[in-house]
Each structure stands twice: as structure tokens, then as C-alpha cells.
Amino acid sequence: AAHTKKANKTGILLVSFGSSYPETRATFQHIEAEVKATFPDLEIHWAFTSKIIRNKLRSRGETIDSPAEALSKMGEEGFTNVAVQSLHVIPGEEYENLKTTVEAFSGMPKGIDQVQLGKPLLYHQNDIENLGDVLLQNLPEGMVEGDVVVFMGHGTHHPANVYYPGMQYYLWQKHPNVFLATVEGYPELNQVIEKLETRKVNKVWLLPFMTIAGDHARNDMAGEEEESWKSVLEARGYKTEAVLSGMADQDDVVQIWIEHLKEVLIELKSK
Ligand SMILES: C[C@@]1(CC(=O)O)c2cc3[nH]c(cc4nc(cc5[nH]c(cc(n2)[C@H]1CCC(=O)O)[C@@](C)(CC(=O)O)[C@@H]5CCC(=O)O)C(CC(=O)O)=C4CCC(=O)O)c(CCC(=O)O)c3CC(=O)O
Ligand SMILES: [Co+2]
């Protein structure tokens, strides 16, 4: 029999840093439900980029693929086109590593023909504007005059750390009481505290500027230990209230990733 061109089979691979906290699973399910609603005909697979987290989960009997494992399995399952969507916040180290993996799998013999990577939450200038507007629309309902919000971003030694001060600049143009600091990069909490000292503050709301409310949100931000942001602020006399929900719990935030995923699916179709 003559060779027939094999039919296209397109799939989606959602890739997060991951978390070892079971409380974050509802947020991942929320992302999946929104992606499913947008692309009802496409199968959705998952992978986590963090090896430490995958190992932790494995020791508890929960197996989550690395991006490379997921892509090789999808190749075996006959997928010809895969849209990989990063669920990272910035194009930092974790995103770049994922990009390297995606490139290595593109055109792999007997694997997937076309693999393309969707941009993280913040990439283009209008992502900063869209995300900033969504966050400002969804500030805590109980916020009153004199309250401030401090978002906790991850931060990184990677040059993509500039997205955090970039976002802070955008937020300040619209709302002088909304701050953003990071755990591991710039700006730092101390720089926010310096600003708070110059004004009368009623209460400080702490919110994750992260995909999910996992380890960093529950411990570094809202934990009881002395170095947590909550403890540091309370030791300075501020009233605090932490909100333990990830940015991905907000529909309009997930829509930004979905827009990036759409761009990739359009590109895959045109090939
Ligand atoms: C490279 C590394 C360098 C370093 O940090 O030293 C790094 C970098 C980055 N992590 C990011 C995000 C998150 N990190 C966590 C959590 C942990 N991160 C840890 C390690 C590492 N993180 C090192 C590599 C380890 C590896 O390869 O496995 C753990 C294992 C140890 C620890 O930090 O103590 C701890 C496990 C806690 C646990 O056991 O549960 C969570 C989940 C959570 O908070 O629950 C999120 C998602 C937050 C969200 O949802 O947004 C981002 C921003 C990415 C983005 O979104 O753009 C960057 C920066 C970038 O990519 O440039
Ligand atoms: Co980390």
C-alpha cells in the first residue's frame, strides 16, 4: 500500500514550576478547566519544571512528568503538534530551561513534528498592563481607606527580574497604595517598609504575585516564623491580613496565559 500522510493530532501541554502543597491542586484544576473550556477538542497534559518538587511528590506516591517525559510520551501517543504553555510568571530561569527542552523536542525523529512554547504570564509590555489592570480590579473586597497591598513576587537572579520593578511602576501609576516586592530579587520588602514608614497605614494586605499560593506564600509570606513578611511587618507594628490564593485563581489572569496559548496554536496550524 502507498504511504498516506499521517493525520495531524494536536495537544496541549501545561507546564508549571509545580508545588508540593496539596492546597494548590484546586488552582491547577481551575487553570485546566478554563483551558478546556477554550479548546474543548484538545487533550490537555501536565508537567512540572521543578525536579525537587517532582522528587518530593514521587516520595509520596504522586507522579508528575518533567516536560521532557511528557513530550516523549505525547510523541509515543501519536501527537504531531504540541502547544506547550508555560504557567510561569516571568521569562526567567525556569522558563528558559523549558524553552531549551521544547527546542530539543522539535523535529525529534519519530517524535512530535511541531512543538511550540507559549509565553509566560509576563512577556510583552501589554501583558504588564493587562495583568496590572486585572490585579487592581480584584483587590481584596475588605480593603478600606488607609489600607495598603503588598504583593509577594518570587524574584530571581535572572535578568528577567526586571519584570517585577516594571510591574511595580505600572501599578503605582494607577494606585499609590499597591506595592510589589520579591522573596529572592528586587525590590525587597525592606524597600516597601521604608515607603510605608512615611505614611499612615491602617492595614497591610499580603497577596501572592505567584501562580499558586504554595510554599512561598504560606511560609515566606504568611507564615508564623520570625522572618515571614507577616511577622516582620507585625513586629514593626502593622496590622496584616494575608490572602492565600494564587493569581491563577482569577479567571482574568488565566485568560492572559490562554491568549499566549492561542498565539501558539495559530502558529502550529499555519505550519
Ligand atoms: C532555580 C531555583 C533557584 C532558587 O530559587 O534557588 C528556583 C527558581 C525559581 N522558582 C520560581 C518559582 C517557584 N518556586 C517555588 C518553590 C521552590 N523553589 C525552589 C527552588 C528553586 N527555585 C531553584 C531550582 C530548584 C529546582 O530546579 O527544582 C524550592 C525547591 C526550594 C526553595 O526555594 O526553598 C522551593 C520548593 C518548595 C516546596 O518544596 O514545596 C514555587 C512553588 C511554591 O511556592 O510552592 C514556585 C512557583 C511560584 C508561583 O506559583 O508562581 C521562580 C519563578 C518562576 C516564575 O513563575 O516565573 C524562579 C526563578 C526563575 O525562574 O528565574
Ligand atoms: Co523557587
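Criteria and cut-off values
Residues numbered from 1 in each chain as written. Chains lettered and ligands numbered in written order. Predicted model: local features only at pLDDT ≥ 70, side-chain atom pairs only at ≥ 80, totals over all residues. Heavy atoms only, no water. Helix = DSSP H or I, 4+ residues; strand = E, 2+ residues; numbered from the N terminus. Rg over C-alpha atoms; globule rule 2.2 N^0.38 Å. Buried < 20%, exposed > 50% of the residue type's maximum accessible area, 1.4 Å probe, protein only. Contact = heavy atoms within 4.5 Å. Areas by Shrake-Rupley, 256 points an atom, 1.4 Å probe, with all protein chains shown as cover. Phe/Tyr/Trp six-rings, centres within 6.5 Å; stacked < 30°, edge-to-face > 60°. Pairing = 2+ DSSP bridges. Right-handed = clockwise from strand over helix to strand, strands pointing away.

1. Some points on the overall build of the chain
When its secondary structure is counted, the chain shows ten helices and eight strands. Since a compact globule built from 271 residues should have a radius of gyration of about 18 Å, the 20 Å found for the chain is in line with a globular shape. Across its three principal axes, the chain shows a C-alpha extent of roughly 80 × 40 × 30 Å. Considering the chain as a whole, with its 271 residues, one finds that 53% of them fall into the buried category. For the chain, contacts bridging at least 24 residues in sequence account for 75% of all contacts bridging at least 6. For the chain, the accessible surface area stands at approximately 13,400 Å², while carbon and sulfur atoms represent 50% of it.

2. Section: the packing of aromatic side chains
If you walk through the whole model with that rule in mind, you get five aromatic pairs. Geometrically, the ring pair formed by Phe28 and Trp46 is edge-to-face, given 5.4 Å between the ring centres and 65° between the ring planes. A residue pair is termed long-range when its members are at least 10 positions apart, and Phe28 in helix 1 (residues 25–38) and Trp46 in strand 2 (residues 43–48) qualify at 18 residues. One exposure class covers both Phe28 and Trp46, and it is buried. Summarising the aromatic geometry, the rings of Tyr164 and Phe209 are spaced 6.0 Å apart at their centres and angled 70° between planes, so their arrangement reads as edge-to-face. Of this pair, Tyr164 sits in helix 6 (residues 163–174) while Phe209 sits in the loop between strand 7 (204–208) and helix 8 (215–221), and the two are 45 residues apart along the sequence. Given a relative accessible area of 1%, Phe209 falls into the buried group. Clustering of aromatic rings is evident, with ring pairs tying together Phe28, Trp46 and Phe48.

3. Digging into the environment of Tyr123
Checked against the element boundaries, Tyr123 lands in the loop between strand 4 (114–118) and helix 5 (125–137). In this structure, the C-alpha to C-alpha distance between Tyr123 and Val89, residues 34 residues apart in sequence, is 8.8 Å.

4. What about the side chain of Asn81?
Tracing the chain through its elements places Asn81 in strand 3 (residues 81–86). Classification of Asn81 as buried rests on a relative accessible area of 7%. Residues in contact with Asn81, not counting those within four places in the same chain, are Asn8, Lys9, Thr10, Gly11, Ile112, Gln114 and Leu268.

5. Overview of the pairing of strand 6 (residues 178–182)
The buried fraction of strand 6 amounts to five of the five residues, a majority that puts the element mostly inside the structure. Both faces of strand 6 are covered, namely the face carrying Val178, Leu180 and Thr182 and the face carrying Phe179 and Ala181. Where strand 5 (residues 148–153) and strand 6 come together, five bridges link them in parallel fashion. What sits directly across from Phe151, in strand 6, is Leu180. With helix 6 bridging strand 5 and its parallel neighbour strand 6, the resulting β-α-β unit is right-handed.

6. Quick word on the environment of Val150
Its location among the elements puts Val150 in strand 5. On the basis of relative accessible area, Val150 is assigned to the buried category, the value being 0%. Val150 sits 79 residues away from Trp229 along the chain, and the two C-alpha atoms are 9.6 Å apart. If sequence neighbours within four positions are ignored, Val150 has contacts with Phe179, Leu189, Val192, Val204, Trp205, Leu206, Leu207 and Trp229.

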